[in-house]
Amino acid sequence: MPKTEEQLLRLKETRRAGIVVAALKVFCEKGYDGATINDIVKKAKCSHGLFYHYFASKKELFQAVMENRGKNMMDFLDEVLLEESDYLAKLKKLTEYTFENMRKDEVFAYRYYFFVSTIFAKAESGTPPPQCKKMPPHLRMNAFFEEGIKLGDFTDKYPPEECAKLYNSIIQGATLNFILCPKEFKSSFKFPMIEFILDVFKKEIIDD
């Protein structure tokens, strides 16, 4: 039975999305320079012809991956920042959100790792982050810790930018370990204890 125009459109979107997800995984595993179209085609389980039907080059595909890398995560960060709670509670909620979504959806883990890697690597190298209407993500995390320090929720022993850098390194490292973990062990993978992470940034209360 011939497919309708709507079914064909959905099929095309599904195939294109599959190639984008495959590319995301390959870019995470091998980096942009190390990734080849052969790697991506193999991961996507598609032909070279199908690849070039949707994308003219690896560069064009990379742009497609970049377009949807971290929107949901940044939207969630905005929601948490608006909540009436202390900054340790906000940090706990952000961390729980990240770990829970990774466990539920492996693609989320790849997106998160790719997002953090590209954004913060650019920031560390002094390269301006991609154009966006809001404050760049690395600066928003700096501001997050700066406000938490001012309110006495986070330790003031270290600058907020160092706290943000350490937090992102912890989450990025956990994400990479999860991505590289063999599929048969993913269901039992143990992320770092969230309370332990919070203790790193919590302001110590010294009794008189």
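The rules behind each value
- Residues numbered from 1 in each chain as written.
- Predicted model: local features only at pLDDT ≥ 70, side-chain atom pairs only at ≥ 80, totals over all residues.
- Heavy atoms only, no water.
- Core = buried A, V, L, I, M, F, W, Y, C linked by side-chain atoms within 4.5 Å.
- Buried < 20%, exposed > 50% of the residue type's maximum accessible area, 1.4 Å probe, protein only.
- Helix = DSSP H or I, 4+ residues; strand = E, 2+ residues; numbered from the N terminus.
- Contact = heavy atoms within 4.5 Å.
- Expected span 1.5 Å × (residues − 1).
- Bend = angle between axes of the 7 residues up to and from the residue.
- Axes fitted to C-alpha atoms, helices over the stretch in contact; angles between N-to-C directions.
- Parallel < 35°, antiparallel > 145°, perpendicular 65-115°, else oblique.
- Nonpolar A, V, L, I, M, F, W, Y, C, P; charged D, E, K, R; others polar.
- Salt bridge = Lys/Arg side-chain N within 4 Å of Asp/Glu carboxyl O.
- Patch = residues over 30% accessible without salt bridge, like charges linked within 9 Å, V, L, I, M, F, W, Y side chains within 5 Å.
- Areas by Shrake-Rupley, 256 points an atom, 1.4 Å probe, with all protein chains shown as cover.
- Polar contact = N/O pair within 3.5 Å; in protein donor to acceptor, adjacent residues only side chain to side chain.
- pLDDT = per-residue confidence, 0-100.
- Phe/Tyr/Trp six-rings, centres within 6.5 Å; stacked < 30°, edge-to-face > 60°.
- Lys NZ or Arg CZ within 6 Å of the ring centre and 35° of its normal.

**Student:** It is not clear to me how the nonpolar core should be interpreted in this structure. Could you clarify?
**Tutor:** When a protein is soluble and globular, its nonpolar side chains tend to lie buried together. Counting 59 residues, the largest nonpolar core has Phe145, Phe154 and Tyr167 as the members making the most contacts within it. Among the elements that line this core, the one with the most residues is helix H7 (residues 106-125), at nine residues. If near-sequence neighbours (up to four positions away) are discounted, Tyr167 is found in contact with Leu91, Leu94, Thr95, Met141, Phe145, Ile197 and Phe201.

**Student:** What exactly am I supposed to notice about the environment of Arg15 here?
**Tutor:** By the secondary structure assignment, Arg15 is in helix H1 (residues 5-34). Between the C-alpha atoms of Arg15 and Phe51, which are 36 residues apart in sequence, the distance is 9.3 Å.

**Student:** Mind showing me how you'd approach H1 here?
**Tutor:** Between the first and last C-alpha of H1 there are merely 38 Å, a value that for 30 residues lags more than 12% behind the 44 Å anticipated at 1.5 Å per step. Most pronounced at Cys28, the bend in H1 amounts to some 85°. Inspection of H1 places Ile19, Val20, Ala22, Ala23, Leu24, Lys25, Val26, Phe27 and Cys28 among the buried residues, and these make up the whole buried set.

**Student:** Which parts of the structure should I look at to understand the packing of H1 against helix H4 (residues 58-67)?
**Tutor:** Geometry of a packed helix pair, given as the angle between the helix axes and the separation of the axes. Look at H1 against H4: their axes get within 9 Å of each other, and the N-to-C directions meet at 100°. By the criterion of interaxial angle, the relationship of H1 to H4 is roughly perpendicular. Contacts between H1 and H4 involve Arg16, Ile19, Val20, Ala23, Leu24, Phe27, Tyr32 and Asp33 from the former and Lys58, Lys59, Leu61, Phe62, Ala64 and Val65 from the latter. Taken together, the residues that form the contact of H1 with H4 break down as ten nonpolar, no polar and four charged.

**Student:** Sorry, what's going on with the pattern of salt bridges here?
**Tutor:** If charged atoms from side chains of opposite charge come close, those side chains can pair. Enumeration according to the criterion identifies eleven salt bridges in this entry. Between Asp78 and Arg140 there is a salt bridge, with the nearest N and O atoms lying 2.2 Å from each other. Placement of Asp78 in helix H5 (residues 71-82) and of Arg140 in helix H8 (residues 137-150) is noted, with a sequence separation of 62 residues between them. For Glu106, the salt bridge identified is with Lys186, shortest N-O distance 3.5 Å. In this pair, Glu106 sits in helix H7 while Lys186 sits in the loop between helix H9 (160-180) and helix H10 (194-201), placing the two residues 80 residues apart along the sequence. Lys186 matches Glu106 in its accessibility class, with the two residues each being buried. Beyond isolated ion pairs, a larger network of salt bridges with shared partners links Lys25, Glu106 and Lys186.

**Student:** What exactly am I supposed to notice about a nonpolar patch on the surface here?
**Tutor:** Among the surface-exposed residues, Leu166, Met193, Phe196 and Val200 lie close enough to one another that they form a single nonpolar patch of about 420 Å² accessible area. If you trace the backbone, Val200 turns up in helix H10.

**Student:** How should the side chain of Thr98 be read in this particular structure?
**Tutor:** Note on placement: Thr98 falls in helix H6 (residues 87-104). Engagement of the side chain of Thr98 in a polar contact is seen with the backbone oxygen of Leu94, the distance being 2.9 Å. Those residues in contact with Thr98 that lie beyond four places of it in its chain are Phe108, Tyr112 and Ile171.

**Student:** Sorry, what's going on with the confidence of the model for the protein chain here?
**Tutor:** Keep in mind that low pLDDT regions are not for reading the predicted coordinates in detail. Looking at the protein chain as a whole, the pLDDT averages 84, with 84% of positions reaching at least 70. Mean pLDDT across the elements of the protein chain ranges from a minimum in H7, with 74, to a maximum in H10, with 96. Long-range and interchain partners of residues 128-133, a stretch whose pLDDT sits below 50, account for six contacts in this model, where long-range means more than four residues apart.

**Student:** What exactly am I supposed to notice about the packing of aromatic side chains here?
**Tutor:** Here the structure, examined in full by the defined rule, presents 20 aromatic pairs. When the centroid spacing of 4.5 Å and the interplanar angle of 15° are considered together, the rings of Phe99 and Phe191 count as stacked. Linking Phe99 in helix H6 with Phe191 in the loop between H9 and H10, this pair joins segments that are 92 residues apart in sequence. By relative accessible area, which is 6% here, Phe99 ends up buried. Ring centres 4.9 Å apart and planes at 35° place the aromatic pair Phe145 and Phe154 in the tilted group. Each member of the pair, Phe145 together with Phe154, is buried. What links up through ring pairs into an aromatic cluster is the set Tyr87, Phe144, Phe145, Phe154, Tyr167 and Phe201. Taking NZ or CZ as reference, Lys58 lies 4.3 Å from the ring centre of Tyr32, over its face. When the ring centre of Phe178 is taken as reference, the NZ or CZ atom of Lys186 above it lies at 5.3 Å.

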